[in-house]
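Structural description and commentary
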Amino acid sequence: MIRRAVLALAIAACGGGDDDPAAPDASTVDPRPDAPPGCTRPALDPGVIGPYVQQTVTELAASPRATTTEREAARTYLTQQLAAAGWTPTLQIYAGGANVVADIPATMGADPRIVVGAHFDTVSGSPGANDNASGVAVVLAVARLLADVPCRRSPVSIVLFDQEELGLFGSRAFAQTLAPADVLAVHTIDQVSWDSDGDRVFELELPTPALEQAWRAAAQVIGVTVVRTSTSGTDHEAFRDRGFAAVGLTEEFVGGDTSPFRHQSGDTAATVDADYLTLAARLTAQVVIEQTSL
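These numbers were taken from a predicted model, which means no experiment stands behind them. (Residues numbered from 1 in each chain as written. Predicted model: local features only at pLDDT ≥ 70, side-chain atom pairs only at ≥ 80, totals over all residues. Heavy atoms only, no water.)

This brings us to the sheet that holds strand β5 (residues 113-119). Taken in spatial order, the 8 strands line up as β3-β4-β6-β5-β7-β10-β8-β9 in an open sheet, and their pairing is mixed. Both edges of this open sheet fall to β3 (90-94) and β9 (225-229), since each of them pairs with a single strand only. Strand-to-strand twist in this sheet, taken as the mean axis angle between neighbours without regard to direction, amounts to 25°. Where β5 and strand β7 (residues 183-189) come together, 5 bridges link them in parallel fashion. Each bridged residue has a counterpart across the sheet, and for Gly117 the counterpart in β7 is Thr188. (Pairing = 2+ DSSP bridges. Helix = DSSP H or I, 4+ residues; strand = E, 2+ residues; numbered from the N terminus. Axes fitted to C-alpha atoms, helices over the stretch in contact; angles between N-to-C directions.)

Structure representation (structure tokens):
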């Protein structure tokens, strides 16, 4: 667990703890020189984040998530993961489906809300490891890391959307619960585990200028490349249509380096590029933590 690892470090740093040999060293907490007292950030350690996102994809992609029964089982799993991170998940029920939501409150200040989401459903017969257990794993990792950001100036809504594959029904239902003026940014993650040429490039789908700048700054920190595209057709579209500042993160869909197993039975955990997926999680966390933390 990401939160448990960082909390264990914090205890050790204060002279306590059980000397767990598996706990990360002091580099896993990032005290910034300009931060108020106690306002630390978790370091985005790939050795901690990587195993979590890989395990999440493996567990979530154990079966398709298309039928009512399959999606109910997935929601149970997602609820458990968010509860394990320390949050209180709820279901946003709408006609035909239900989103899984965890609202993470601000602790200092009252800046506009940040939304971070990914769809958890699949087409029939596909285990959907890349589409979109990979995006879900990234969002869950961000949720866990935010538990170790004590000074949050913006509330963050973690949302796992239902029924994207049928027409963005879950994200459209959630977008209707918010007003654009109350939201700083919407980040949606979809298909982020295929990088056959190893160039560590991600695509930003239709970002606003401010959001593009935020992702490019984060990409420099993480050591990856991001390119802007005009791709729509996934959950960020549901928010943009209602006037929200929204962006989608994906692998190189326009660039041609994207999974050939999309919507097929071969979209399994065995095809996931674990290193690239870990980079996606670190990149997204860098953006969100920078936007919300003091």
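So that's the structure; there's more coming.
So, on to the nonpolar core. Counting residues in each nonpolar core, the largest one holds 62 residues, and the members touching the most others are Leu78, Leu146, Ile158, Leu160, Phe202 and Leu283. In terms of residue count, the dominant contributor to this core is helix α4 (residues 129-146) (12 residues). If sequence neighbours within four positions are ignored, Leu146 has contacts with Trp87, Ile104, Arg152, Val156, Val288, Ile289 and Thr292. Counting residues in each nonpolar core, the second largest holds 12 residues, with Phe161, Ala175, Val183 and Val186 among its members. (Core = buried A, V, L, I, M, F, W, Y, C linked by side-chain atoms within 4.5 Å. Buried < 20%, exposed > 50% of the residue type's maximum accessible area, 1.4 Å probe, protein only. Contact = heavy atoms within 4.5 Å.)

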